[in-house]
Amino acid sequence: MANEPSSINPFETARRQVDIVAELLKMDEGARAVLKYPKRELTVNFPVRMDNGTYRVFTGYRVQYNMARGPCKGGIRYHPSVTLDEVRALAAWMTWKCAVVNIPYGGAKGGVICDPKHMSPGELERLTRRYASEISGIIGPEVDIPAPDVYTDSQTMAWIMDTYSMQKGYSVPGVVTGKPISLGGSEGRGEATGRGCAYVIREAAKDAGVRVKGGSVAIQGFGNAGSVAANLLYDEQGAKIVAVSDSKGGIYKADGFNPHAVEEHKKKTGSVVGFPGAKSISNEEVLETKADILVPAALENQITAKNADKIQAKLVAEAANGPTVPEADTILFQKKTTVLPDVLANAGGVTVSYFEWAQDIQGFFWPLSEVNTRLERVMVQSYADVHKAAQQYKVHNRTAAYVVAIQRVVDAIRIRGIYP
Ligand code: GLU
């Protein structure tokens, strides 16, 4: 991936962001310290039987950052570059994300160091079931509810739900979200991250004076979030998708692609690269494309001090978690680029996860139209809250989102009081 994602420690970034808000809110040292440490961390090393008959030991993590506002919530990622500090940062961001959209959760994240692209379905199932079993003591519908993240999906969640349920002796659909519909998943969860992102782009574009209809969009990362955002911006808001990329490279076409056709091409060939009629460009070039709107939908640390100046888009919507480092935020703010931070722009996923959990617990399921209407309401309100804080404190949207979120978390901590 572009721009050496491993060179910047994401947890350092997450903690610096807390400091910035703590200064702004004149927060005392005690509250600041609580926000800068994860509540609970679990590291597990476990063997998995590989297809060739050998065993390999894998390392996984589950970090529960803060549960002041409710059970912890957050995805599980499978990636070779997973580190404990990355999982800590992602767990902190989940805490702020759930608070920004005002759903009754704390934040958590999990990760397993592995290369799922080079593992068979059987190996992935055994890895998932064993990891689920190793962390089963600290997850559950009232404690911590995992979900999909980078390179995990509804099948992964089905295996976790089954493993956890087997251990309990009865079915527990509410232990994970992002499940297949047949197992208690929610209508609309699959496309919720991209859909939520498209809603906040629509809202922010009005304030930023950016046109979506007929405007151009560049998307880095064409996985679940990026491809759905592309399709919805194209289908529902009339945008032109001029550049997209995945881990193998990028493609560009000045008069725009039909993103559905690009999706088909990726399904067939494994990549967007080589799409007929498109010019090949690098991942870095996708970020720097001349476009009205940029959607980073891949991994963290993509927009840095090195390339922030070259970003041409007027509106940046972070469908990925942590794509922009703090130095780059400052540069973009000075350039008057509107950034919709990850904790807002990709919060549609966890919002519909919340709907899924609520439906599982009630055993009463909603139609797609109800899910999408409620999602739209949450995203519109959350954008308005963030925009208002940005104006009130004269800060960029990321700091504004943290102000909204951290105030809600600190309120919960204060009202609950410190035990004992
Ligand atoms: N992994 C997604 C995120 O980062 C979804 C988490 C969830 O649904 O719990 O927001």
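The model shown is predicted, which means the values in this text are computed figures rather than measured ones.

(A) Structural detail: the sheet that holds strand 5 (residues 144-148). Taking strand neighbours across the sheet as the criterion, the 5 strands line up as 1-2-4-3-5 in an open arrangement whose pairing is mixed. Strand pairing shows two members of the sheet lacking a second neighbour, strand 1 (40-49) and strand 5, which therefore form its edges. Here the average twist between neighbouring strands, direction ignored, is 20°. The pairing of strand 3 (residues 72-79) with strand 5 spans 5 bridges and is classified as parallel.

(B) Region of interest: the site of the ligand. The immediate surroundings of the ligand are formed by 14 residues, with Lys73, Lys97, Pro148, Asp149 and Ser353 found nearest. Between an oxygen atom of the ligand and a side-chain N or O atom of arginine 189, the distance comes to 3.1 Å. A total of 290 Å² of accessible area belongs to the ligand in isolation, and the protein chains cover 95% of it. Mapped by element, the contributors of at least two residues to the shell around the ligand are strand 3, helix 3 (84-100), strand 5 and helix 12 (348-362). Split by residue class, the shell around the ligand holds 4 nonpolar, 5 polar and 5 charged.

(C) Looking closely at the packing of aromatic side chains. Using the criterion set out here, one finds 10 aromatic pairs in the structure. Measuring from centroid to centroid gives 6.2 Å for tyrosine 65 and tryptophan 96, while their planes differ by 75°, and the two rings are edge-to-face. Of the two residues, tyrosine 65 sits in strand 2 (residues 55-66) while tryptophan 96 sits in helix 3, which places them 31 residues apart along the sequence. Comparing tyrosine 65 with tryptophan 96 shows no difference in burial state: the two are buried.

(D) Geometry of the packing of helix 3 against helix 14 (residues 397-416). Interaxial distance between helix 3 and helix 14 falls to 8 Å at its minimum, and their mutual angle equals 90°. Judged by the angle between their axes, helix 3 and helix 14 are roughly perpendicular. Where helix 3 approaches helix 14, its residues Trp93, Thr95, Trp96, Ala99 and Val100 are matched on the opposing element by Ala401, Tyr402, Ala405, Ile406, Arg408 and Val409.

(E) Representation of helix 1 (residues 10-24). For helix 1, with 15 residues, the first-to-last C-alpha span of 21 Å sits near the 21 Å given by 1.5 Å per residue. Residues of helix 1 that are buried sit in contact with helix 2 (29-36), strand 2, helix 3, helix 10 (326-334) and helix 14. With a side-chain oxygen positioned 2.8 Å from the backbone nitrogen of phenylalanine 11, the residue opening helix 1 is asparagine 9. Positioned one or two residues after helix 1, lysine 26 has a phi angle of 50°, which is positive.

Parameters at a glance
- Residues numbered from 1 in each chain as written.
- Predicted model: local features only at pLDDT ≥ 70, side-chain atom pairs only at ≥ 80, totals over all residues.
- Heavy atoms only, no water.
- Pairing = 2+ DSSP bridges.
- Helix = DSSP H or I, 4+ residues; strand = E, 2+ residues; numbered from the N terminus.
- Axes fitted to C-alpha atoms, helices over the stretch in contact; angles between N-to-C directions.
- Near = heavy atom within 4 Å.
- Polar contact = N/O pair within 3.5 Å; in protein donor to acceptor, adjacent residues only side chain to side chain.
- Areas by Shrake-Rupley, 256 points an atom, 1.4 Å probe, with all protein chains shown as cover.
- Nonpolar A, V, L, I, M, F, W, Y, C, P; charged D, E, K, R; others polar.
- Phe/Tyr/Trp six-rings, centres within 6.5 Å; stacked < 30°, edge-to-face > 60°.
- Buried < 20%, exposed > 50% of the residue type's maximum accessible area, 1.4 Å probe, protein only.
- Parallel < 35°, antiparallel > 145°, perpendicular 65-115°, else oblique.
- Contact = heavy atoms within 4.5 Å.
- Expected span 1.5 Å × (residues − 1).

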